[in-house]
Each structure stands twice: as C-alpha cells, then as structure tokens.
Amino acid sequence: MFKVLKYLGESKAAVAAIIILLMLQAYCDLALPQYTADIVDVGIGQAGIENAVPLTLRSETMENLALFMTEQEASALEAAYTRNEEGNYDLILESEEEIGRLDKKMGIPMVILSAVSAQEEVQLPTLKEMLKRGELSREQILQYGEDVLEKYGSGSESMTAQMAVAFVKAEYQAMGVDLASVQTDYLLNKGSRMLLFTVIMMAASILAGLLAARTSAKMSRDLRGQLFSRVISFSDAEMDRFSTASLITRSTNDIQQMQMVMVMLLRMVLYAPIVGLGGVLKVLGTKTGMAWIIAVAVAAIMLLVGVLMWLAMPKFKVMQSLVDRLNLVSREILTGLSVIRAFSREKFEEKRFDKASRELMKTQLFTSRVMTIMMPAMTLIMNLVTVMILWFGAKGVDMGNLQVGDMLAFITYTMQIVISFLMLTMISVMLPRAGVAAERIEEVLELECSIRDQEETEDERVRDARGEVRFENVSFRYPGAEGNVLENIDFTACPGETTAIIGSTGCGKSTLVRLIPRFYDVTEGRITIDGVDIRSLSQHRLHELLGYVPQKGVLFSGSIESNIRFAGDFITGEDMEEAARIAQAMEFIDSKPKRFQEEISQGGTNVSGGQKQRLSIARAIAKHPRICIFDDSFSALDYRTDVILRKALNEKLSDATVIIVAQRISTILHADRILVLDDGRIAGMGTHEELLRSCAEYQEIAGSQLSEAELKGGRA
C-alpha cells in the first residue's frame with residue numbers, strides 16, 4: 001500500500017481536502033444512529049420529553065421538589081426558573097450543559113416525590129409543616145427520601161430517568177399542556193436534523209468521490225507520462241530487458257490497477273478507520289456494557305482476513321507475469337498472422353494461446369475462490385454479532401438497564417465498525433495486485449539509462465559539422481555477453497564519400513552502424529564526428545546530424561506527408577517532394593487519390609515492403625542530414641529502382657557522409673570504400689576492384705552473387 005501511496009505526493013492538497021470531507025461525512029454518519037435512538041426512546045417512548053427538566057413547572061411542584069433536595073440543589077433549581085404571570089415557573093436555561101447538570105439534580109427528587117405521593121400514610125403538606133415548625137430537619141427529610149427511594153424506586157439510572165420523565169409528563173398534563181404537540185415538535189426537530197445531516201453527508205460523499213476520481217486519474221496520467229518518457233529515453237540495452245508486451249502491460253493494465261486501487265484507497269481505506277474509530281468511541285459512550293462483542297467481532301474478522309491473504313498473496317504476485325505472458329503470445333500471433341496461415345499453424349497457435357490463457361485463468365480462479373469465502377464469512381460474522389447484541393441487549397432492556405433505542409443505536413454502531421473492517425478487507429483483495437503493479441512500474445522508472453548526456457556537452461564544436469565519422473579501435477559486446485560482437489574496428493567515413501559495409505549474416509554489420517546514433521555505447525575505443533567523441537555530444541544534437549534508415553522499415557499511422565516530415569515542421573513541402581522524388585516514391589504516391597495525404601495504417605501494413613522502404617529513405621533524407629546511414633535499406637527494391645535511387649542519392653548527398661550496410665554487392669559496387677566484416681572484425685577494406693584482388697572473404701561473397709564476366713571485369 002505504501003508503494004501505491006507514495007505517488008500521491010503531488011496531490012497533497014486534494015488528499016487533505018478528501019480527508020476533511022470524509023471526516024465530515026463520518027461525523028454525519030455517526031450522528032444518525034443516535035438521532036434514531038432519540039426518536040425511538042424519547043420521541044415515541046417518552047412522548048418527546050427528553051429529560052427531567054420541564055419547560056414549565058407549577059409553584060407547588062417546585063416547593064415539593066425542593067423539599068427533597070439539599071439547600072444548594074434547591075437554590076440551583078430556583079435559579080433555573082423564573083415565575084410567570086400565571087404563578088408557574090418557566091425554564092430560563094438555554095445551555096445543554098447547564099440543563100444536563102440540572103437533570104441529574106432533579107431526577108431522584110422526582111422519583112422520591114412520585115413514591116411519597118403514592119403513599120397514604122405520609123402527606124407532603126405534613127412534612128412541609130413539620131419542617132417549618134422544626135420538628136424535622138432537612139437532613140431527616142432527605143434521609144426519609146432515600147429510604148422511600150430504596151423501597152419504591154430503583155437503583156438503575158435508566159429506570160430513574162424513565163420515572164422522572166413520567167413525572168414531567170404528569171406535570172404537563174396537570175397544567176393542560178398539549179403532549180401531542182410536544183411529541184410532534186420533538187419528532188419534527190430530530191427528523192429535520194437527521195435530514196440535514198443526511199444531505200451534508202451525501203454532499204461530502206459526492207465531493208470526496210469526485211476529488212478521489214480526479215486525483216487518481218491525474219496520478220494515472222502523470223504515471224503514464226513518466227513511464228512513457230522513461231521508455232523513450234531507453235537505449236537498446238534497456239529495451240532488451242523488457243519485452244514490448246511487458247512494457248505495454250505496465251503502461252496500461254498495471255497503471256489501471258493502481259488507479260482503481262487509488263480511488264478505493266482515497267474513498268474506503270481513509271473512510272473506514274475514521275468511521276471505525278468514531279463508532280468505537282460512540283459505542284463506549286452508550287454505556288451498554290456490550291463493548292466486548294465488538295472486540296470479538298473485530299478479532300474474528302482479522303483472523304479471517306489473515307488466513308485468506310496468506311492463501312491468496314503468492315498467487316497475486318504470479319498473476320501480473322501471467323498477464324504479460326498472455327499479451328506476449330497474443331501480440332506474436334496477431335503480428336505473425338500471415339505466416340501462421342501460410343504454414344497452417346493455426347491449431348498450434350490456438351493451443352499456445354489457450355495454454356497461456358488457462359494458466360492465467362487457473363490463477364485468477366484460485367484467488368477468486370479464496371476471496372469469495374470472504375463475503376459469506378463476513379455476513380455470518382455480522383449476523384452473529386447482531387444476534388449476540390439482541391440476546392444480551394434484550395436482557396438489559398428487561399432489567400431496565402437499557403432502552404430499546406440505545407440497543408438499536410448500539411447495533412448500528414457495531415455494524416458500522418464491522419463494515420469499516422469489511423471495507424478494508426475488500427480493498428485488501430486488490431492491494432496485492434496493485435502492489436505488484438507498482439513494483440513493476442518502479443522497475444521501469446528506477447532503471448538507470450546506460451546512455452546519458454554528459455553534464456557539459458561539446459555541441460558547439462559540431463555546430464557546422466562536416467560529418468566525418470571515425471571509428472578508433474572500437475570494440476563492443478552486448479550487456480551480459482561473454483565475448484565481443486565487434487573487435488578493433490578502425491576506419492574513417494568521410495564527407496562526400498560512400499562507405500559500404502558487407503559481410504555474412506550475423507557478422508555485426510547492423511550492430512556497427514547502431515553504435516553511431518548511440519543506440520548502444522562502445523565497450524572499448526571511441527567514435528568521433530569531426531574529431532569530437534559522440535559521447536560528449538547531447539543525444540539530441542547527435543541525432544540532428546543523422547539520417548537513419550533501419551533494416552526494417554518503420555512507418556507510423558497517419559499520412560504519407562506526416563511520415564516523410566516526421567523529423568519536424570522545419571521540413572517544407574518542397575523538401576518533402578524532393579525527398580520522395582529522390583527515394584523513387586513519387587510513382588506510387590502520384591497513383592494515390594490523395595497523394596501525400598493518403599492514409600498510412602499502423603505499421604504501414606497498407607503499403608508494400610518496397611514502398612515502405614522508399615518512404616523510410618525519403619524520411620531520412622528530407623531533413624538534410626550530414627551523415628546518412630542505410631542499414632540494408634535497399635533489400636526490398638528491384639534492381640532497376642535500386643540503381644536509379646542510388647544515382648539520385650549520389651547527386652543529392654554529394655557533400656554528406658553516406659554509410660550503407662548491404663547484402664548485395666550490386667548495391668555497393670561503386671562505393672568509395674567497402675568494409676568487409678567477418679565475425680566482428682574487419683577482414684578487408686578498399687574499393688570493389690581492390691577487394692576482389694586482396695580479400696578472400698569478399699571474393700567468396702562476390703563469387704556467389706556475380707557472374708564470371710562481372711568478376712573478370714572487376715579484376716581488370
């Protein structure tokens with residue numbers, strides 16, 4: 001959970017606002033059960049009479065009550081009322097605290113007065129006369145009252161309160177007060193307060209939900225942006241650590257998991273402890289003596305959750321890797337669909353997909369089955385708790401120690417406490433997956449890029465670059481590999497010249513040219529442009545100098561124009577058309593109804609391999625690069641187009657440095673310099689004619705591609 005929460009650092013204000021709203025919601029939520037109890041106990045059971053402090057009191061009753069009070073209590077009683085024109089007394093206290101203190105003082109005297117009035121042998125006027133004549137002292141009368149209370153009253157605080165309310169009700173009736181009106185006013189007052197609290201609670205809940213959704217969506221957006229920026233900055237060394245399918249899963253599914261959990265964290269996980277703690281405090285304040293039931297319920301819930309998490313947690317950690325595997329298989333099948341059909345391997349791939357899908361399904365089913373036990377078990381616990389409260393609460397009601405409304409409030413508070421733990425257990429189902437997702441995202445974000453710009457670059461030294469590329473004793477090995485792929489590569493590619501690289505498959509040709517844009521960094525030696533080590537240049541400036549055409553043509557969804565002008569808006573319409581003409585792409589562009597606005601589908605699937613290569617070449621030369629790198633970029637072209645294109649390139653790029661990787665000798669026949677690679681080493685270097693005379697490896701390649709006449713012509 002902490003790994004997920006740390007991403008909320010930039011939304012502290014929103015989180016603080018959510019916490020305040022949740023506290024307001026919890027306050028209203030926790031207030032409602034007490035109002036319900038008041039309506040049941042006071043509004044219905046006591047006819048709207050809240051306590052032993054009447055709003056109005058007869059003078060005779062005032063004197064009788066004072067008879068069974070201490071002098072201090074009697075003085076407080078007189079100070080709380082003022083005499084009206086009718087000779088009765090009206091309550092002048094407004095503070096609930098003061099009324100509460102007076103309630104405690106008036107309850108017992110009312111019970112005594114009720115008991116004394118019910119006795120025939122003792123008359124109140126007689127007691128008052130005896131007190132005035134001095135035949136009885138106040139202490140004796142108070143002692144008499146205690147004896148009466150012990151004989152006819154009850155030691156129960158609840159019973160005392162009910163008898164006091166009955167006394168007040170009788171007093172109101174004696175004065176002709178409309179008890180129905182008192183009850184109606186009380187119910188309307190409490191009901192309107194409940195309605196107000198409900199509206200406030202609803203508004204707070206809606207606002208908190210809105211803020212939680214916005215905060216989690218913002219977190220998800222920022223996280224996707226960070227992840228994308230990090231992946232874009234990766235070199236090929238970092239990309240090799242993660243499969244494309246895995247990076248897609250991390251950018252979508254994993255972040256989606258975190259977003260869903262974040263909403264629940266901000267709404268449920270923050271709300272549950274507030275309600276739970278508030279419910280505990282409310283329960284302790286009810287004085288029902290049944291708080292131990294809550295302790296039992298919470299212990300049972302914690303035990304249940306602990307067992308379920310112990311069973312399910314290992315599977316949650318496996319689940320995301322299985323999602324990766326399923327995405328990988330799906331991507332391979334969809335990408336290679338034509339090959340699968342050509343080789344009639346549909347059934348085999350269906351089985352492979354089914355295997356990956358079933359492994360994920362089995363894991364999900366296991367976790368789902370384990371977690372489905374939770375809801376029935378929680379429901380059972382809640383029902384058992386309710387039965388226990390009703391059982392022990394009924395005994396309390398029967399003994400007069402507990403009122404029905406208080407028992408209902410206790411049940412409600414207990415359910416709120418249990419449900420708050422239920423909320424936590426529900427989120428605990430998602431937290432493990434979110435934690436795994438956070439770890440996978442962190443794995444990408446915290447991965448240090450092996451290729452970084454230096455703090456101080458030397459970009460100014462290549463502001464007007466000529467484009468001379470020099471390899472100085474360059475060796476390279478892939479990360480984690482035991483041996484070098486390239487070793488002691490030393491040559492210079494000069495501006496205005498074409499340097500070609502040829503060799504057998506797997507000899508390191510593409511690896512060599514991929515070192516120039518710093519897709520990888522050299523292991524030993526250095527590569528310079530105009531004498532400046534490319535590692536001392538910023539990657540942005542280095543790539544500005546290059547026009548790169550990869551071995552596999554890559555087009556992006558959009559139009560032909562957007563693909564040719566991919567380098568930036570500085571490429572004009574004239575530059576675009578000229579580049580397309582040089583790349584021999586105008587023939588098929590002119591045949592399109594929309595010409596340069598013709599749509600290109602994702603991956604360039606709606607154009608042929610040759611058209612894709614020509615558009616890739618046009619994209620590279622449209623930016624007027626100082627160094628052009630063609631990594632076997634003419635393999636899909638027919639011989640005629642190949643010859644015309646290379647002739648146009650020689651004219652257009654006459655002052656640029658051109659490096660060509662090729663499989664066909666015909667493509668590099670007229671290159672100024674040809675490097676022959678064999679097992680990562682330079683086996684020969686020179687022109688076509690020179691290599692035919694001096695390099696056995698080149699002779700072997702030439703012998704497999706050229707006729708006898710062409711070979712003799714080359715040696716001549």
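The shown structure was predicted, so the numbers you read here are calculated from the model rather than taken from an experiment. (Residues numbered from 1 in each chain as written. Predicted model: local features only at pLDDT ≥ 70, side-chain atom pairs only at ≥ 80, totals over all residues. Heavy atoms only, no water.)

### What to know about the sheet that holds strand S14 (residues 673–678)
So the rule is basically this: Pairing between strands is defined by DSSP: at least two bridges between the two strands are required. For the purposes of this entry, the term helix denotes a DSSP run of H or I that reaches at least four residues, the term strand denotes a run of E that reaches at least two, and both are numbered from the N terminus. Each axis is a line fitted through C-alpha atoms, and for a helix only the stretch in contact is used; angles between axes span 0 to 180 degrees, taken between their N-to-C directions. Whether two residues are in contact is decided by their heavy atoms: any pair within 4.5 Å suffices.
Strand order in the open sheet formed by six strands is S9-S12-S13-S6-S14-S15, with mixed pairing between adjacent strands. Each edge of the open sheet is held by one strand with a lone partner, namely strand S9 (546–549) and strand S15 (681–686). Put simply, the sheet's adjacent strands are angled 15 degrees from each other on average, direction ignored. Those strands touched by helix H23 (residues 609–621) are S9 and strand S12 (627–631), and its axis lies near 175 degrees from that of S9. Helix-sheet contacts for helix H27 (residues 696–705) involve strand S6 (498–503), S14 and S15, and the interaxial angle to S14 is about 95 degrees.

### Describing a nonpolar patch on the surface
To be explicit about the condition: Each patch is built from salt-bridge-free residues with over 30% relative accessible area, joining like charges within 9 Å and nonpolar side chains (Val, Leu, Ile, Met, Phe, Trp, Tyr) within 5 Å. All accessibility values rest on the Shrake-Rupley procedure with a 1.4 Å probe; residue burial counts only the protein chains present in the view. A pairing counts as a salt bridge when a side-chain nitrogen of Lys or Arg comes within 4 Å of a carboxyl oxygen of Asp or Glu.
On the surface, a cluster of nonpolar side chains totalling about 520 Å² of accessible area is made up of Leu303, Val307, Trp310, Leu311 and Phe366. Considering every element that reaches the nonpolar patch, the biggest residue donor is helix H13 (residues 291–335), with four residues. For leucine 303, the position within the fold is in helix H13.

### As for the packing of helix H2 (residues 12–44) against helix H9 (residues 179–233)
So the rule is basically this: Comment on the angle field: the value is read as roughly parallel under 35 degrees, roughly antiparallel over 145, roughly perpendicular from 65 to 115, and oblique elsewhere. Crossings are assigned a handedness: left-handed for a near helix turned anticlockwise from the far helix by less than a right angle, right-handed for a clockwise turn. By the convention adopted, Pro, Cys, Tyr, Trp, Phe, Met, Ile, Leu, Val and Ala count as nonpolar, Lys, Arg, Asp and Glu as charged, and the other residues, Gly among them, as polar.
The interhelical angle for the contact between H2 and H9, taken along N-to-C directions, is 160 degrees, at an axis separation of 8 Å. Classified by the angle their axes make, H2 and H9 are roughly antiparallel. Two packed elements cross with a definite hand, and for H2 against H9 that hand is left-handed. Here the residues of the contact of H2 with H9 sort into 24 nonpolar, seven polar and four charged.

### Remarks on the side chain of glutamate 561
Note the cut-off: Residue exposure (1.4 Å probe, protein chains only): buried if accessible area is under 20% of the type maximum, exposed if over 50%, otherwise partly exposed. As used in this structure description, the phrase polar contact means that two N or O atoms lie within 3.5 Å; if the pair is within protein, one of them must be able to donate a hydrogen and the other to accept it, and residues adjacent in sequence are counted only when both atoms belong to side chains.
Structurally, the position occupied by glutamate 561 is in helix H20 (residues 560–564). Taking relative accessible area as the criterion, glutamate 561 reaches 19% and is therefore assigned buried. One polar contact links glutamate 561 to arginine 565, side chain to side chain, over a distance of 2.9 Å. A polar side-chain atom of glutamate 561 sits 2.3 Å from a polar atom in the side chain of glutamine 597. With near-sequence residues (within four places) excluded, glutamate 561 lies in contact with Met576, Phe596 and Gln597.

### Here we look at H23
In an α-helix, one turn spans 3.6 residues; hence positions three or four apart end up facing the same way. Rules: By this rule the span expected of a helix is its residue count minus one, scaled by 1.5 Å.
With 13 residues, H23 ought to run about 18 Å at 1.5 Å a step, and its terminal C-alpha atoms sit 19 Å apart, in line with that. For H23, the complete set of buried residues consists of Gly610, Gln611, Lys612, Gln613, Arg614, Leu615, Ser616, Ile617, Ala618, Arg619, Ala620 and Ile621.

### Overview of the packing of aromatic side chains
For the record, the criterion: Two aromatic rings, drawn from Phe, Tyr or Trp (for Trp, its six-membered ring), form a pair once their centres lie within 6.5 Å of each other, and the interplanar angle then sorts them: stacked below 30 degrees, edge-to-face above 60, tilted otherwise.
With the rule as written, the count across this model stands at eight aromatic pairs. Ring centres of tyrosine 35 and phenylalanine 197 lie 5.6 Å apart, and the angle between their planes is 40 degrees; on these two criteria the pair is classed as tilted. Of the two residues, tyrosine 35 sits in helix H2 while phenylalanine 197 sits in helix H9, which places them 162 residues apart along the sequence. Side by side, tyrosine 35 and phenylalanine 197 carry an identical accessibility label, which is buried. Ring geometry for phenylalanine 556 and phenylalanine 566: centres 4.6 Å apart, planes at 5 degrees, overall stacked. Of the two residues, phenylalanine 556 sits in the loop between S9 and strand S10 (558–559) while phenylalanine 566 sits in the loop between H20 and helix H21 (573–582), which places them ten residues apart along the sequence. Residue class for phenylalanine 556 comes out partly exposed when judged on its relative accessible area of 38%. The exposure class assigned to phenylalanine 566 is partly exposed, which follows from its relative accessible area of 48%. Of the aromatic side chains, those joined through ring pairs into one cluster are Tyr27, Tyr35 and Phe197.

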